[in-house]
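Okay, here's what each chain looks like letter by letter:
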Amino acid sequence: MPYTLTTPLYYVNDRPHLGSTYTTLACDALARFQRLHQREVVFITGVDEHGQKIQQTAERNQLSPKQHCDSISDRYLELWARWEISQDRFVRTTDPRHLELVNQFFARVQASGDIVTGRQTGWYCVGCEEYKDDSADAVEPCCPIHRKPLEWRDEENLFFRLSRYQEAIEALVEREDFIAPSSRRQEVRNFVARGLRDFSISRVNVSWGLPIPGHEGHTFYVWFDALLGYLTALLDDGGSVDLNRLTEVGWPASVHVIGKDILRFHAVYWPAMLMSAGLAVPDRVFGHGFLTREGLKMGKSLGNVLDPEILLERCGTDAVRWYLLRDIQFGDDGDFQQQRFVDLVNNDLANTIGNLLNRTSSMARKWFSDSIPPGGAALKENHPLAVKASDTVQCVMANMPRLAFKPAAEAILQLAITANGHLNETAPWSRMKQPGQEAAVGEDLYAVLEATRLVGLLLAPLLPDLSSRILEQLGVELDEQAWEKQLSWGGLNSGSLLPKPTPVMQRLELAEPL
């Protein structure tokens, strides 16, 4: 059974931002980890291209909605390529195959008796594409996310009978393994406990949407349309668009990774829709937190938006991936602080890991004929660095599947810190001057180089580029078919040539704010 993981389908009202980049980088790390475990992975990302907000944005820019969507979707594809995102599918909801799937799904839900006609009244946020809970007599209510006035709506819509699934959804969200992290679980349970209400799945007077069969003037509500994009992506394997094939191609999803603001849609509405259509619910939904900048919410009005393209150009993939995945507990809110960003990258990557490799390799080349020294006693499993390395591997293996990137990254860093400490304690530069110490010095250098090899291997899912440079400096390669075997202590071959050392990570110098 494939391991299927998804980012949200990003709304193309504007170009990619740091939030979408953050989610996608995290999913990329998880996908790479699972592939190294020899799992068949289907990593899905893509874009949500319908709705009133997109229609309005296109009109402001004097473009057709399709022209606008093509432009923004291309930017996502180009940016993900530059970030070296390893997605297997990129779905667009304007793809004709998606319309075919939506119609099939709607027919199933309609046949289940879960589509009814009614009136939708309430305060609506165009930016969120959802009705808010403000009371009808609220005075000039605003969206707490977009800080813009809500619109009062009163129109005939088609409704999905969510209320019929009260007990089933209550049981689902009570599962300890369905919603992660645990801090998000209770808010969803509280929402469900208040009683599920039927929700609108259609809009009238919104031309930029998928038409609903048999209901002239109605287009699918953007969320009903977009959630089905996950299924469209899975069926984009060269076969037919047939819901009956889903179990063959990777459904149910192993994990949906989303921002916490859309958790309700993925943990409540989406499972009920799937139940109605006779399909399995996803295994897990993971809602991560928001990013702020220097303690402030990012926004155009404040002029403090971090552009992922500028970050990439000025800092590179390794620096940004490390900061986001090592410094922020994935699931919690995080704050991007430029000085801390620079300090962490320079201290952790350039100094602790980069200098460790550079100086150890230089000593080994100088004293052992440009080669890896004899391992001797350092090959034993009870060597202090071997024990630390074993603990590190176990920590990474336990945390990466849980999307706990921070403790995994910190454990890898700690292995490098311990190796640095071992080097300083044994002081090979002093001992080499003493008669009869060559073998002991060789063993110490071997142990440190071997620990560095494991650092490089363990970084492969998190920082693939830096990982590759570390391993290249040691004269070894990542074997994607035998990664776990490579993680055993003693993999360096004594006598193998060591390439001339060059810095694997340049120090980050930012004279101006990003």
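Notes on the structure in this doc start here. Small disclaimer: the values here were computed from a predicted structure and weren't measured.

## Brief notes about empty space enclosed by the protein
Take a probe with the size of a water molecule and roll it over the atoms, and the empty space left behind shows itself.
Piece 1. In the structure shown here, the tally under the stated rule is one cavity of 30 Å³ or more.
Piece 2. The space that makes up the largest cavity amounts to roughly 50 Å³.
Piece 3. The residue inventory of the lining of the largest cavity, partitioned by class, reads five nonpolar, five polar and two charged.

## What to know about the layout of surface pockets
Piece 1. Space inside the second largest pocket adds up to approximately 550 Å³.
Piece 2. Looking at the second largest pocket, it is lined by 27 residues, and the ones nearest its centre are Tyr131, Asp133, Arg197, Asp198 and Tyr269.
Piece 3. Residues of the lining of the second largest pocket, tallied by class, amount to twelve nonpolar, six polar and nine charged.

## Side note on the pattern of salt bridges
Piece 1. In total, this model carries 27 salt bridges according to the counting rule given.
Piece 2. Ionic contacts of the salt-bridge type, sharing partners, join the residues Glu49, Lys66, Asp70 and Arg92 into one network.

## With respect to the environment of serine 64
Piece 1. Mapped onto the fold, serine 64 is located in the loop between α2 (52-60) and α3 (65-82).
Piece 2. What makes serine 64 partly exposed here is its relative accessible area of 30%.
Piece 3. Residues serine 64 and cysteine 315, 251 residues apart in the sequence, show an inter-C-alpha distance of 35 Å.

## Things to note about the sheet that holds strand β8 (residues 199-200)
Piece 1. One open sheet accounts for four strands, arranged β5-β4-β6-β8; its pairing is antiparallel. In the strand order of this sheet, the two ends are held by β5 (130-131) and β8, each with one partner.
Piece 2. Sheet topology note: the strand β4 (residues 115-125)/β5 ladder contains two bridges and is antiparallel. Opposite cysteine 125, over in β5, you have glutamate 130 as the bridge partner.
Piece 3. On top of the sheet, helix α10 (residues 263-276) reaches β5, β6 (151-160) and β8; it is set at about 30 degrees to β6, its chief contact.

Reading the values: rules and limits
- Residues numbered from 1 in each chain as written.
- Predicted model: local features only at pLDDT ≥ 70, side-chain atom pairs only at ≥ 80, totals over all residues.
- Heavy atoms only, no water.
- 1 Å grid on protein atoms, 1.4 Å probe; cavity = no way out; pocket = protein on both sides within 12 Å on 5 of 7 lines; lining within 4 Å.
- Points joined across faces, edges and corners; volume = space filled by probe spheres on them.
- Nonpolar A, V, L, I, M, F, W, Y, C, P; charged D, E, K, R; others polar.
- Salt bridge = Lys/Arg side-chain N within 4 Å of Asp/Glu carboxyl O.
- Helix = DSSP H or I, 4+ residues; strand = E, 2+ residues; numbered from the N terminus.
- Buried < 20%, exposed > 50% of the residue type's maximum accessible area, 1.4 Å probe, protein only.
- Pairing = 2+ DSSP bridges.
- Contact = heavy atoms within 4.5 Å.
- Axes fitted to C-alpha atoms, helices over the stretch in contact; angles between N-to-C directions.

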